[in-house]
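Results of the structural survey
Chain by chain, the residues:
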Amino acid sequence: MRILVVEDFATMRRVMRNLLNDLGYARISEADDGSVALPMLHNQHFDLVITDLLMPEMGGLELLRVIRADSALRHIPVMIVTADAQREKILAAAQAGVDAYIVKPFTAAMLENKIRELFCTNTSKT
C-alpha cells in the first residue's frame, strides 16, 4: 500500500512515518501541505492520503475538496489527522467526503484501527 502523509510540521511527519513503518507500511511519501501533495497525487499512485487539517498554503479540508472534485483522484481514501476537534470542522470534513478522522494525540493502535476500518482488514501492506 502506498500512503501519502501531508503535514506541515516535520516532526509530526516523522512520527507518522515511524508509526506507519511500525505497523508494517513501508511505501510512504511525504508532503508539507496540500499544494505540494496535489502534483504528487497526479503523478504517482497512492492508496491512502493521511493529511493534517490546518496547514499553510493548502490545508487538509481544501485538499480533500480538490481530491473529491477530481475524477482521477476521488477514489482515494482520505484520513484527516488533527489536534483541532471542533465540531464544525469535523462536520465540514464529513460533508466534504472524508473517509476517517483521528484526533491528535493518537496511538499506533488507533491509527491501525482507522486504516483497517478503511480497508476492511484485508489490506496488503506491501
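Notes on the structure in this doc start here.

Reading guide: rules and limits
Residues numbered from 1 in each chain as written. Predicted model: local features only at pLDDT ≥ 70, side-chain atom pairs only at ≥ 80, totals over all residues. Heavy atoms only, no water. Pairing = 2+ DSSP bridges. Helix = DSSP H or I, 4+ residues; strand = E, 2+ residues; numbered from the N terminus. Axes fitted to C-alpha atoms, helices over the stretch in contact; angles between N-to-C directions. Salt bridge = Lys/Arg side-chain N within 4 Å of Asp/Glu carboxyl O. Buried < 20%, exposed > 50% of the residue type's maximum accessible area, 1.4 Å probe, protein only. Polar contact = N/O pair within 3.5 Å; in protein donor to acceptor, adjacent residues only side chain to side chain. Contact = heavy atoms within 4.5 Å.

**Considerations on the sheet that holds strand β5 (residues 100-103)**
The strand order β2-β1-β3-β4-β5 describes an open sheet built from five strands, whose pairing is parallel. Looking at the sheet topology across the chains shown, the edges are occupied by β2 (27-31) and β5. Mean inter-strand twist for the sheet, computed between neighbouring axes without regard to direction, equals 20°. Where strand β3 (residues 48-52) meets strand β4 (residues 78-82), four bridges bridge the pair, whose relative direction is parallel. Opposite Val49, over in β4, you have Val78 as the bridge partner.

**Looking at the pattern of salt bridges**
Within this structure, the stated rule accounts for six salt bridges. Put simply, Glu30 and Arg13 hold a salt bridge, and the shortest N to O gap is 3.3 Å. Of the two residues, Glu30 sits in strand β2 while Arg13 sits in helix α1 (residues 10-22), which places them 17 residues apart along the sequence. Residue classification places Arg13 among the buried residues on the basis of a relative accessible area of 15%. Within the structure, one salt-bridge network assembled from shared partners comprises Glu7, Asp52 and Lys104.

**Looking at the side chain of Arg13**
A polar atom in the side chain of Arg13 sits 3.3 Å from the side chain of Glu30. Leaving out residues up to four positions away in the same chain, Arg13 has contacts with Val5, Glu7, Asp8, Glu30, Ala31 and Asp32.

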